[in-house]
Amino acid sequence: MAKVYYEKEIDKQVLQEKKIAVVGYGSQGHAHALNLRESGYDVVVGLRPGKSQQKAEEDGFKVYSVADAVKVADVVMVLLPDEHQTEVYEASIKPNLQSGNAMAFAHGFNIHFNQIVPPSDVDVFLVAPKGPGHLVRRTYEGGAGVPALYGVFQDVTGNAKQLSLAYSQGIGAARAGVLETSFQEETETDLFGEQAVLCGGLTNLIKAGFETLTEAGYQPEVAYFECMHEVKLIVDLLYEGGLENMRYSVSDTAQWGDFVSGPRVINDETKARMKEVLSEVQSGEFAKGWILENKANRPQFYAINALENQHPIEKVGKELRDLMPFVKQPLQATKEKQKD
Ligand code: NDP
Ligand code: MG
Ligand code: MG
């Protein structure tokens with residue numbers, strides 16, 4: 001079994017002596033900066049002028065330009081969108097890193113796919129929370145944490161592992177468990193998971209179920225509740241106690257249907273497709289496509305996004321959710337506030 005680290009095994013001192021620059025103050029950035037500060041670490045924020053800068057200042061942080069934040073810090077955590085990291089790294093991070101500093105990431109994409117080639121005299125590590133930034137913050141405030149993976153790409157000082165564990169402790173992840181990984185494993189499993197299961201797999205399963213019911217003449221409202229709304233209730237049971245716990249809670253009829261029909265929907269062919277997706281992630285083909293899409297200003301990304309937002313499940317879903325104000329959790333409320 002993989003080694004999992006918890007709070008009491010972690011030496012905090014190695015990071016307490018250092019100044020941490022959190023670069024970016026979005027989903028992950030705000031959570032890391034606030035949690036680290038409340039865990040007793042010395043944190044500044046690096047940003048360009050704009051909305052995030054204003055928010056970080058309101059939260060009481062000293063906010064520098066990215067270049068100045070890197071200059072004053074010993075540990076630089078890069079929490080910019082993955083597709084902007086390379087340009088900011090070249091312009092503002094690389095020229096200001098000092099020998100013996102550490103540079104860290106929450107996702108291995110740019111290091112693993114060679115978009116950022118770090119200087120050979122700095123530590124490079126990864127602390128990747130396995131959950132959205134707003135939950136990293138919310139669970140920390142509630143005394144818990146989101147688990148994380150840590151990994152070391154380059155260890156110049158001999159401290160890279162201790163630094164990544166202390167950093168994980170600082171954001172609250174060691175309350176839930178911190179596992180060792182490599183940049184390669186984190187990057188490939190993260191990309192595969194979001195494509196095949198969490199985002200791509202789930203959204204397409206939901207849409208296909210909704211379309212099947214509505215095309216057969218059933219009411220869209222009923223199809224929405226069945227194929228979208230109830231997913232959350234089922235996922236909560238899976239999250240709390242795995243497959244057995246979910247199957248214990250649903251009716252035996254539902255469990256029998258799960259056994260006999262589930263494997264016909266997600267079958268060997270689906271798994272063969274998953275293997276295709278995984279091999280495109282492993283070969284760098286997916287990364288190349290996404291990097292080029294960004295270089296071209298995302299023509300496909302925006303076109304597909306517009307089409308997806310017009311899917312009938314979105315229309316009926318919005319109407320029904322407006323009638324159920326209680327489904328709007330703080331995460332949603334936070335998102336709306338940030339958009340103001
Ligand atoms: P967000 O898009 O939420 O936030 C990005 C931040 O970077 C914003 O504060 C933005 O500020 C700032 N920024 C963008 N461009 C620049 C620039 N050119 N110069 C300076 N600041 C800039 O990012 P995420 O938190 O989603 O992602 C950060 C990292 O965390 C990524 O590596 C991602 O893969 C990883 N990650 C994210 C997860 C998540 O929950 N979202 C989960 C696990 C890992 P401004 O307001 O000025 O635009
Ligand atoms: Mg990801
Ligand atoms: Mg039912």
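Computed from a prediction, not measured in an experiment: that's the story for all the values here. (Residues numbered from 1 in each chain as written. Chains lettered and ligands numbered in written order. Predicted model: local features only at pLDDT ≥ 70, side-chain atom pairs only at ≥ 80, totals over all residues.)

**A look at the overall build of the chain**
And step 1. Counting secondary structure elements, the chain contains 17 helices and 9 strands.
And step 2. Taken over the C-alpha trace, the chain has a radius of gyration of 22 Å; the compact-globule value for 340 residues is 20 Å, and the two agree within 12%.
And step 3. Reported as C-alpha extents along the three principal axes, the dimensions of the chain are approximately 65 × 45 × 40 Å.
And step 4. Within the chain, the proportion of its 340 residues that are buried is 31%.
And step 5. Here the analysis covers contacts within the chain between residues at least 6 apart in sequence; of these, 67% occur between residues at least 24 apart. (Helix = DSSP H or I, 4+ residues; strand = E, 2+ residues; numbered from the N terminus. Rg over C-alpha atoms; globule rule 2.2 N^0.38 Å. Buried ≥ 20, exposed ≤ 12 C-beta atoms within 10 Å, placed from the backbone. Contact = placed C-beta atoms within 7 Å.)

**Some points on the UniProt feature "binding site: Mg(2+) 2" (unreviewed entry) in the chain**
And step 1. Mapped onto this numbering, the UniProt entry annotates "binding site: Mg(2+) 2" (unreviewed entry) at D190, E226 and E230. In terms of the greatest pairwise C-alpha distance, the residues named above, spread along 41 residues, do not form a single cluster, extending to 28.3 Å across.
And step 2. Residue placement: D190 occurs in helix α9 (residues 183-198).
And step 3. Take E226: it is sitting in helix α11 (residues 220-249).
And step 4. E226 gets classed as partly exposed once you count the C-beta atoms within 10 Å, which come to 15. (UniProt positions renumbered as here; feature names shortened; annotations may be inferred.)

**A closer look at the site of ligand 1**
And step 1. Close to ligand 1 lie 24 residues, the nearest being G24, G26, Q28, S52 and H107.
And step 2. Those elements that place two or more of their residues in the shell around ligand 1 are α2 (27-38), α3 (51-58), α5 (82-93) and β7 (123-129).
And step 3. Taken together, the residues of the shell around ligand 1 break down into 11 nonpolar, 10 polar and 3 charged. (Near = placed C-beta within 6 Å. Nonpolar A, V, L, I, M, F, W, Y, C, P; charged D, E, K, R; others polar.)

**What about the sheet that holds strand β8 (residues 148-154)?**
And step 1. Across the sheet, 9 strands lie side by side as β1-β9-β8-β7-β6-β5-β2-β3-β4; this open sheet has mixed pairing. At either margin of the open sheet sits one strand with a lone partner, and together these are β1 (4-5) and β4 (63-64).
And step 2. Where strand β3 (residues 42-46) and β4 come together, 2 bridges link them in parallel fashion. Bridging across to β4, G46 finds its partner in Y64. (Pairing = 2+ DSSP bridges.)

**What about the UniProt feature "active site" (unreviewed entry) in the chain?**
And step 1. Here the UniProt feature "active site" (unreviewed entry) sits at H107.
And step 2. With respect to the helices and strands, the residue H107 is situated in the loop between β6 (102-105) and α6 (109-112).
And step 3. With residues near it in sequence (within four places) discarded, H107 still touches D82, A128, T187 and D190.

**What to know about unusual backbone geometry**
And step 1. Backbone geometry places N297, a non-glycine residue, at a positive phi of 65°.
And step 2. Tracing the backbone shows N297 in the loop between α14 (285-295) and α15 (299-309).
And step 3. Judged by local crowding, N297 falls into the exposed class, with 8 C-beta atoms found within 10 Å.

**Overview of the confidence of the model for the chain**
And step 1. When pLDDT is averaged along the chain, the result is 96, and 96% of the positions lie at 70 or above.
And step 2. Quick note on the complex model: pTM equals 0.92, ipTM equals 0.98. (pLDDT = per-residue confidence, 0-100.)

**With respect to the environment of Y224**
And step 1. Mapped onto the fold, Y224 is located in helix α11.
And step 2. Along the sequence, Y224 and F125 sit 99 residues apart, while their C-alpha atoms lie 43 Å from each other.
And step 3. When sequence neighbours within four positions are dropped, the list of residues in contact with Y224 reads F210, H229, I313, V316, G317 and L320.

**Details of the nonpolar core**
And step 1. Grouped together as the largest cluster of nonpolar side chains are 61 residues, with contacts concentrated most on V23, V45, V76 and A104.
And step 2. If near-sequence neighbours (up to four positions away) are discounted, V76 is found in contact with A21, V23, V70, I93, N101, M103 and A104.
And step 3. Formed by 7 residues, the second largest nonpolar core is a distinct cluster that contains F210, A223, Y224 and C227. (Core = buried A, V, L, I, M, F, W, Y, C linked by C-beta atoms within 7 Å.)

**What about the packing of α2 against helix α7 (residues 133-141)?**
And step 1. Two elements in contact, α2 and α7, have axes whose closest approach is 7 Å; the angle formed by their N-to-C orientations is 25°. One element, α2, and the other, α7, form an angle in the roughly parallel class. Between α2 and α7, the contacting residues are S27, Q28, H30, A31, L34 and N35 on the first element and G133, H134, V136, R137 and Y140 on the second.
And step 2. In terms of residue class, the contact of α2 with α7 is made up of 4 nonpolar, 6 polar and 1 charged. (Axes fitted to C-alpha atoms, helices over the stretch in contact; angles between N-to-C directions. Parallel < 35°, antiparallel > 145°, perpendicular 65-115°, else oblique.)

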